[in-house]
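Notes for the structure review
Take a look at the letters that make up each chain.
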Amino acid sequence: MLPKKPDEIVDRDEDWKILERFARPSPIGTPGSGVAALAGRRRTGKSYLLQRFADATGGFYFEARLEETLAEAQERFREELITYDPSRAAELSALSVAAHGTWDRLLKIAMDATFSRSEGNRIPPFVIDEFPYLLRDTPHLQSIVKSVYDTRSFRRGEIGKPGIWVGYYDRLIEGRMLLCGSAMSVIHELGHGSRPLFGRLTFQLTVDPFDHVDMARFWGIEDRRVAFTLFAALGGAPGYRDPLMERTGLPVPQTMEELDAWLTEALLRPQPRFFTEAEIDRLLHEDPRITDKDIYRQAMKAISEGNATLTKIGGAIGRAKEETDGIVARLVAMRYVDEWRDLLRPRDYLFRLNDPIVRFHHAVVESCMRDVARGATTPDDAWRDAQQRFRSQVIGPMFEQIATWSAFRLLYNRTDLGSDGWALVPDPANRTTHEVDYIGLAHNTSGRPKGSTITVIGETKATERPRGLKDLERLRHIRALLAKDHKAENAVLAIFSMHGFSEHLRQAAKEAPDEIALFDLDDVYRYREPSF
């Protein structure tokens, strides 16, 4: 039987089910290999997940290392495979590392070794973690993996037939191979039409960071304001917890006072090196194709300063629009930058920082790191001085993010809600444009400049005052503007506030429950539960 997901793995239920299905034999009994790809940015827990899955199913797990040469990687692979299956020691020891044909033989032996441990409905997987690192010295490794898959054209038992080869192999190879990596753009491109593995991958899975709910659960923080503030600074990558706990020597913060001290120790101490600065360097090292890392740092800094279009980003970094397009596209593929398309005008889009560590670094750390490092100010004073920037550039965007994540679940059984996003709404009479944080469309409509059926118009606010009737009037004004070109007159007006609502606004919501929906931080954390 296939093992159930270990209790210590938080969330990842669907990921585990996908891996379980991959480890089963073909339901129609077709022999041959299966190949799948799994991506995830650094510290999301993908390696932990794959290690536990390989352990639970009796598979073989190998993690490539960026700093290793071809010979070193193959030597370590051989040694770890001998440990996994000592019966193959003689065959493996006879291979010369860094020689022609070594990788194809190593992959064949690994597939044979794992497949030989199959039992019933379980085929132990062969996992190559950080696969993109191996492509640096062996670009044709993708073609070797393709040949492993393509040997399914042989019949079972058809071995050594003279003159018949499929790529690198002359017999059927069976098993399950999982290719994984932090270089997300490389892993995602494995299945593209121009790549050898096009049409051969069983699936391409992305392991995302935890959302705000699972992050609070993983850290063991019950106070939602504390949990959210920490989430705004670090995001949901579970791999940050243990190294930062060791760095601070402090327990998990449970109050806002403890959190201030914790963040100061974790992220604003210059020795050993500012954590966020070192982390950005490591994040950029994930993609081995990035050589000029400084230009990517500059682009992220430009976006953090409010340059949201290719033209403005290019102007800030001194590059032509065409070159800037490639730089930003790589950052989007790596998930450090988001491309926000206007729901009502899909051709219009803006770029925003997506990675919380990068956002925190540019908003808080970068402005004070030199003074802190030189002793001109203390980390505690730097943190106090950075509070306004932290609220506007870190807390605000993250609250908008988690509110819009949660909005669909909170509103779906209150109105007809098929798709959602954000939009810019022109206001010619006042010579301005309103940015609407959340727009919901009915199931039978799509986003376009005119004629959409708009069912929700929402706003998110993290400012430290309760939201009031002025916020409601603003949304009513925007609804009237949208109603000129769309069916929007009955749209629900949703206000998400981190710090609650005035009594007047609460009373208005009671009097018009079909028109007004109010959600606070507790609601945003309860978004998985039915709300009405």
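In case you missed it, the structure is sitting above this.
Residues numbered from 1 in each chain as written. Predicted model: local features only at pLDDT ≥ 70, side-chain atom pairs only at ≥ 80, totals over all residues. Heavy atoms only, no water.

So, the packing of aromatic side chains
Following the criterion strictly, the structure yields 20 aromatic pairs and no others. Measuring from ring centre to ring centre gives 6.0 Å for F228 and F399, while their planes differ by 85°; the resulting arrangement is edge-to-face. Residue F228 is found in helix α10 (residues 224-234), and its partner F399 is found in helix α19 (residues 387-411); the two are separated by 171 residues along the sequence. Here F228 falls in the buried class, since its relative accessible area comes to 0%. Members of the aromatic cluster, joined through ring pairs, are F60, F62, F77, Y84, W103 and F126. A cation sits over an aromatic face here: R241 above F218, 3.9 Å from the ring centre. Residue placement shows R352 over the ring face of W340; its charged tip is 4.0 Å from the ring centre. (Phe/Tyr/Trp six-rings, centres within 6.5 Å; stacked < 30°, edge-to-face > 60°. Helix = DSSP H or I, 4+ residues; strand = E, 2+ residues; numbered from the N terminus. Buried < 20%, exposed > 50% of the residue type's maximum accessible area, 1.4 Å probe, protein only. Lys NZ or Arg CZ within 6 Å of the ring centre and 35° of its normal.)

Description of the sheet that holds strand β8 (residues 419-427)
Pairing is mixed across the open sheet formed by 5 strands, whose spatial order is β8-β9-β10-β11-β12. Of all the strands in the sheet, the pair left with one neighbour each is β8 and β12 (516-519). Each adjacent strand pair in this sheet contributes to an overall mean axis angle of 30°, direction not counted. Inspection of the sheet shows strand β10 (residues 454-461) paired to strand β11 (residues 492-497) by 6 bridges, in the parallel sense. Residue pairing for β11: I457 is matched across the bridge by L493. Most of the contacts of helix α20 (residues 469-483) go to β10, to which it runs at about 145°, and overall it touches β8, β9 (432-441), β10, β11 and β12. In the packing of helix α21 (residues 503-511) onto the sheet, the strands contacted are β11 and β12, and the crossing angle to β12 comes to about 130°. (Pairing = 2+ DSSP bridges. Axes fitted to C-alpha atoms, helices over the stretch in contact; angles between N-to-C directions. Contact = heavy atoms within 4.5 Å.)

A short note on the environment of T453
Here T453 is to be found in the loop between β9 and β10. Separated by 35 residues in the primary sequence, T453 and A488 have C-alpha atoms spaced 6.2 Å apart. When neighbours within four sequence positions are excluded, T453 is seen to be in contact with G440, L441, A442, N444, T445 and K487.

So, to be careful, I would describe these as geometric facts and stop short of saying anything about function.
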